[in-house]
Amino acid sequence: MDQHFQVRIRSVLSYAVRLVDMYTRGTPFGSSLSVRLANHPQVPVCKGDGWYIFTDLPDGIYTLTISSLEYMDQSVSFSTTGSTSYSERIIYLHPSPTYPFKVGDFLVRGRACVEDGSPAEGAYVQAVISYERDAPVRLAEDADKEATELIVASKKGQVDLADAFLLETPTCKGTIIRFAGPPSGRVYPLTEPLSFAYPRGTVLLPLLETNCDDRGEFVVALPLFLEKTHARMKIEVRQEEAAGFAELSIQAGTNHSIGIIQMNRPK
């Protein structure tokens, strides 16, 4: 007489990560996307909508590496313990110079070199947008020093939590801010308390971030809400102690090339 046995294998969720296209705010292109652990052979399970799942990882510290032709490479570290709890996070992927942008997308392209003329591979790129008129996001109330939340007025509706901003006035030093979670009405929690006080009406200047590729090239993809905006952009490229700068006038719906930014060390 044949005997039949039913075996159930239970997996424990260790880590979950959702990858989001920073430009479209949607699921990233998957044709060349590689999501791997640098120090463990397990391959994650792709659950759709950008989610990748790791199960049954031994206790330890892991490095997650993300590489793709369409996005800049990223790596993040996380740890696991023997408890039943798990961790999860969202990672925003920044478009690389080879990203399949569409005709009419609003882009600024450039290239950075170090002092000897070689490409500034991996250099950090920061672009800040300031407005000639009609800034879309402002403080709706005064913000005190050490404030942990801001009351924001936005013409585009709810502010995207992926966005970073620069708070700056002629009399207040600039502070980079990021929002820690969804708002309650117009009240947005901050990832870090403010270092300075800012008055009502202070403009939140969009701050865009990316890196140079192995050729020193970079692309800044401007937010879609700038569709009808005329503005100025200040670009800073940094790598260790070297830095380079550029400034240009931008108009929505057009592409810009700023050529080469020469990086120099302070003398």
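Everything below is about the structure shown above.
Read on for an overview of the structure. Treat the numbers as computed from the prediction; the structure is a model and nothing was measured.

### What about the pattern of salt bridges?
- The tally for this structure, following the rule as stated, stands at nine salt bridges.
- Of the charged contacts, one joins R265 and E241 as a salt bridge, the two residues approaching to 4.0 Å between their closest N and O atoms. Taken together, the residues span a long stretch of sequence, with R265 in the segment after β19 (256-262) and E241 in the loop between β17 (230-239) and β18 (242-251) at a distance of 24 residues.
- Residues joined by salt bridges that share partners form a network here, namely D213, D214, R215 and E217.

### So, the side chain of H94
- On the secondary structure map, H94 appears in the loop between β7 (87-93) and β8 (107-113).
- Once residues within four sequence positions are removed from consideration, H94 is found in contact with M22, E70, Y71, M72, Q74, E209 and T210.

### Overview of unusual backbone geometry
- Phi at D49 is positive, roughly 60 degrees, even though this residue is not glycine.
- Following the sequence through the fold, D49 ends up in the loop between β3 (45-48) and β4 (51-55).
- On the basis of relative accessible area, D49 is assigned to the partly exposed category, the value being 44%.
- Positive phi is not limited to glycine here, since E240 has a value of about 55 degrees.
- In this structure, E240 sits in the loop between β17 and β18.

### Observations concerning the packing of aromatic side chains
- Summed over all chains, the structure comprises ten aromatic pairs.
- Here Y15 and F78 contribute two aromatic rings whose centre-to-centre distance is 3.7 Å and whose plane-to-plane angle is 0 degrees, an arrangement assigned as stacked. Of this pair, Y15 sits in strand β1 (residues 13-21) while F78 sits in strand β6 (residues 74-80); the two residues are 63 residues apart in sequence, bridging distant segments of the chain. In this structure, Y15 and F78 share a single accessibility class: buried.
- With a centroid separation of 4.5 Å and an interplanar angle of 45 degrees, the aromatic rings of Y99 and F101 are classed as tilted. As far as the burial class goes, Y99 and F101 line up, both buried.

Scoring rules and cut-offs
Residues numbered from 1 in each chain as written. Predicted model: local features only at pLDDT ≥ 70, side-chain atom pairs only at ≥ 80, totals over all residues. Heavy atoms only, no water. Salt bridge = Lys/Arg side-chain N within 4 Å of Asp/Glu carboxyl O. Helix = DSSP H or I, 4+ residues; strand = E, 2+ residues; numbered from the N terminus. Contact = heavy atoms within 4.5 Å. Buried < 20%, exposed > 50% of the residue type's maximum accessible area, 1.4 Å probe, protein only. Phe/Tyr/Trp six-rings, centres within 6.5 Å; stacked < 30°, edge-to-face > 60°.

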